[in-house]
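Residue-level listing of the chains:
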Amino acid sequence: MHNSLTLLGYYLGKMIPPDRVDKYLLPIVLGIIVLSFVPSIIHIIQERRANKKD
């Protein structure tokens, strides 16, 4: 897993021109933050549905 992240960073660095890093960095970071909250949100929704059935 660790090597795959390193390779991903390497290839993303090659694809994004150095003068446009700021343009792409914020959306990438925001995407990572949003994706990190998705499992918690799904869990909360599942718990609420289970509580309504009881």
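Everything below is about the structure shown above.
Quick look at the structure, then. No experiment lies behind these values; they were computed from the predicted model shown. (Residues numbered from 1 in each chain as written. Predicted model: local features only at pLDDT ≥ 70, side-chain atom pairs only at ≥ 80, totals over all residues. Heavy atoms only, no water.)

### Brief notes about the overall build of the chain
Piece 1. The number of helices and strands found in the chain is two helices and zero strands.
Piece 2. In terms of C-alpha radius of gyration, the chain reaches 18 Å, well past the compact-globule figure of 10 Å for 54 residues.
Piece 3. Projected onto its principal axes, the C-alpha coordinates of the chain cover approximately 55 × 25 × 10 Å.
Piece 4. The burial tally for the chain puts 2% of its 54 residues in the buried class.
Piece 5. Only carbon and sulfur atoms are counted for the fraction: they give 68% of the accessible area of the chain, which is about 5400 Å².
Piece 6. Side-chain charges in the chain split into 7 positive and 4 negative, and the spacing between the mean points of these groups amounts to 7 Å. (Helix = DSSP H or I, 4+ residues; strand = E, 2+ residues; numbered from the N terminus. Rg over C-alpha atoms; globule rule 2.2 N^0.38 Å. Buried < 20%, exposed > 50% of the residue type's maximum accessible area, 1.4 Å probe, protein only. Areas by Shrake-Rupley, 256 points an atom, 1.4 Å probe, with all protein chains shown as cover. Lys, Arg positive; Asp, Glu negative; His and termini not counted. Charge placed at Lys NZ, Arg CZ, Asp CG, Glu CD.)

Interpretation in functional terms is not warranted from these geometric data alone.
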